[in-house]
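Take a look at the letters that make up each chain.
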Amino acid sequence: MADVKNPNKHHKHHRLHALLIPYPFQGHVNPFVHLAIKLASQGITVTFVNTHYNHHQINSGDIFAGVRSESGLDIRYATVSDGLPLGFDRSLNHDQYQSALLHVFSAHVEELVESLVGEGVNVMIADTFFVWPSVVARKFGLVCVSFWTEAALVFSLYYHMDLLRIHGHFGAQETRRDLIDYIPGVEAINPKDTASYLQETDISSVVHQIIFKAFEDVKKVDFVLCNTIHQFESKTIHALNSKIPFYAIGPIIPFNLKTGSSVTTSLWSESDCTQWLNTKPAGSVLYISFGSYAHVTKKDLVEIAHGISLSKVNFVWVVRPDIVSSDETNPLPAGFESEAGDRGIVIPWCCQMTVLSHPSIGGFLTHCGWNSILESIWCEVPLLCFPLLTDQVTNRKLVVDDWKIGMNLCEDRGFVGRDEVKMSIGRLMRGESREGVRGAIGRVKMSLEGALKCSGSSGENLGLFVDGLVAKVGLSNGKA
Ligand code: UDP
């Protein structure tokens, strides 16, 4: 239903029509979907582009149909091939999938953009991980916006890869291990806390090629949006802003879930565990999930399972079907679930915000995906950190060392042992330090809430960004 109190609300920027193209992974699709809603609520026409494969996985037709009929927002929906057949196992064949995204995807996107320019598309908002946005946008005369779905700190480290190389912290035979203290706006950081790809010595992987090209391309875009808040990373954001218009507009999460948002984005079908959670005392359940992308070795998974059993904690564990590998169907130790009895449930996937916001949840054992961290802060659930790869390693530092809203699962990242897992679960759920963590997370949540207000930093940045878009579109139409 249209907003009757303010009928002009959705028509303020009627000239803007933005094409939103997420990197086709769950942790990118989710913030893009909610960015689409945010921008459409500002009166911008949005066309959201999903890949055929993700469209098929989400299995709910046009994912915005509910939002559109409830709110009257102008969000359109289109699909495009990622270059591979639907039946291709993208998890098992990760590198081929990434190669298709690197080499083939842009040709499909170009075809789609060409068919949509007639509908007045004048802005393209594409994921920073794509290697082609500035080229495609320029070809079709679109204003180019890059959306970075992770922390500004991680963006800055990739953005300054040349500095890391010059100083021998990246891409050298023997990389340096002392602190990195020369990245503008970034406090001295230990190399072990940088994104995993920046710590690897073999930098010839397909993901490295993507990162190298993507961070060349992002230097040519008109604006960067970032799913963070100014208060978290003000110095980093300030320094980036001297190079590129960089707007912190987070948190972009489904925080309005309880008030009835009807958009479903899950690539796996969700198990509903609300009934089960209702039977458990407040704050007694540990929620465990390692996100949508990372894999865990069978050895580590088995140690974690034993640690959970030994801890005797109540738990909901999301064990994604491909968590070890899609050809390892039953990776948990024999008898794990029967031993847990009514203490715990294992499910393949869930609506994470619904689970995190349930009062019985008292802790989150997480791989430290950026969305998971923002969602957990929003629900004020303390974190137990088990980073696996990519930005998760840096996110752990923010959570544990800087913001003190979580603890480490294991002190030595290379070694997971069941006794340590048991002890750290106990510390998180029942230990003395729990209260300090809970206090800190409450304060960080308040920063998130404050940022989202119209007069808050993200509210203001969103306004500035939209004004910037209007000016830029006007300019490129010669109507400034
Ligand atoms: N998620 C979910 N159900 C699950 C596990 C994860 O809905 O069982 C969602 C979660 O809410 C988050 C996203 O999937 O929005 C995962 O993103 P994140 O950045 O945390 O990790 P990634 O999957 O990118 O590693």
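The name an unreviewed UniProt entry assigns to the chain is Glycosyltransferase, from the organism Brassica rapa subsp. trilocularis. Entered under Sequence similarities (unreviewed entry) in the UniProt record, the comment concerning the chain runs "Belongs to the UDP-glycosyltransferase family."

This brings us to the overall build of the chain. Within the chain one finds 20 helices and 13 strands. Here the C-alpha atoms of the chain give a radius of gyration of 22 Å, agreeing with the 23 Å that 2.2 N^0.38 yields for 480 residues. Viewed in the frame of its principal axes, the chain has a C-alpha envelope of about 70 × 55 × 45 Å. Every one of the 480 residues in the chain was classed for burial, and the buried ones make up 58%. A sequence separation of at least 24 residues applies to 73% of the contacts in the chain between residues at least 6 apart. One way to put it: in the chain the 41 positive side-chain charges average out to a point 5 Å from where the 49 negative ones average out.

The next point concerns unusual backbone geometry. Here G250 and P251 are connected by a cis peptide whose omega angle stands at -5°. With respect to the helices and strands, P251 occurs in the loop between strand 7 (246-248) and helix 12 (274-278). The backbone of C368 sits at a positive phi, close to 70°, despite the residue not being glycine. Along the chain, C368 falls in the loop between strand 11 (361-366) and helix 16 (370-378).

Let's shift gears to the packing of helix 4 (residues 94-103) against helix 10 (residues 206-217). Axis angle and axis distance: for two packed helices, these are the angle between their axes and the distance between the axes, and together they describe the pair. Contact geometry of helix 4 with helix 10 gives a least axis separation of 9 Å together with a crossing angle of 25°. Compared by their axis directions, helix 4 and helix 10 come out roughly parallel. The interaxial crossing formed by helix 4 with helix 10 has left-handed handedness. The residues of helix 10 that touch helix 4, namely those facing H94, D95, Q98, S99 and L102, are V206, V207, Q209, I210 and K213.

Across all of its chains, the model carries 21 salt bridges by this definition. Residue D401 is joined to R396 by a salt bridge in which the shortest nitrogen-to-oxygen separation is 3.0 Å. The class of R396 is buried, set by a relative accessible area of 9%. With a closest N to O distance of 3.7 Å, K445 and E449 form a salt bridge. Within this pair, K445 and its partner E449 are both found in helix 19 (residues 434-452), separated by four residues, close to a single helical turn. Residues joined by salt bridges that share partners form a network here, namely K192, D193, R396 and D401.

Reading across the sheet, the seven strands line up as 3-2-1-4-5-6-7 and stay open at both edges, with parallel pairing between neighbours. Edge strands, defined here as strands with exactly one partner in the open sheet, are strand 3 (75-80) and strand 7. Put simply, the sheet's adjacent strands are angled 25° from each other on average, direction ignored. Note that strand 4 (residues 123-127) and strand 5 (residues 143-148) share five bridges and pair parallel.

Here we come to the site of the ligand. Taken together, 19 residues lie around the ligand, and S292, C350, N371, S372 and E375 are the ones closest in. At 3.4 Å, a side-chain N or O of W349 approaches a nitrogen atom of the ligand. At 2.8 Å, a side-chain N or O of N371 approaches an oxygen atom of the ligand. About the coverage of the ligand: the protein hides 93% of its 540 Å² of free accessible area. Elements supplying a minimum of two residues to the shell around the ligand: helix 1 (26-41), strand 8 (285-289) and helix 16. Sort the elements by how many residues they give to the shell around the ligand and helix 16 lands first, with four residues. Residue classes in the shell around the ligand are distributed as six nonpolar, twelve polar and one charged.

Parameters and conventions
Residues numbered from 1 in each chain as written. Predicted model: local features only at pLDDT ≥ 70, side-chain atom pairs only at ≥ 80, totals over all residues. Heavy atoms only, no water. UniProt positions renumbered as here; feature names shortened; annotations may be inferred. Helix = DSSP H or I, 4+ residues; strand = E, 2+ residues; numbered from the N terminus. Rg over C-alpha atoms; globule rule 2.2 N^0.38 Å. Buried < 20%, exposed > 50% of the residue type's maximum accessible area, 1.4 Å probe, protein only. Contact = heavy atoms within 4.5 Å. Lys, Arg positive; Asp, Glu negative; His and termini not counted. Charge placed at Lys NZ, Arg CZ, Asp CG, Glu CD. Axes fitted to C-alpha atoms, helices over the stretch in contact; angles between N-to-C directions. Parallel < 35°, antiparallel > 145°, perpendicular 65-115°, else oblique. Left-handed = near helix turned anticlockwise from the far one by under 90°. Salt bridge = Lys/Arg side-chain N within 4 Å of Asp/Glu carboxyl O. Pairing = 2+ DSSP bridges. Near = heavy atom within 4 Å. Polar contact = N/O pair within 3.5 Å; in protein donor to acceptor, adjacent residues only side chain to side chain. Areas by Shrake-Rupley, 256 points an atom, 1.4 Å probe, with all protein chains shown as cover. Nonpolar A, V, L, I, M, F, W, Y, C, P; charged D, E, K, R; others polar.

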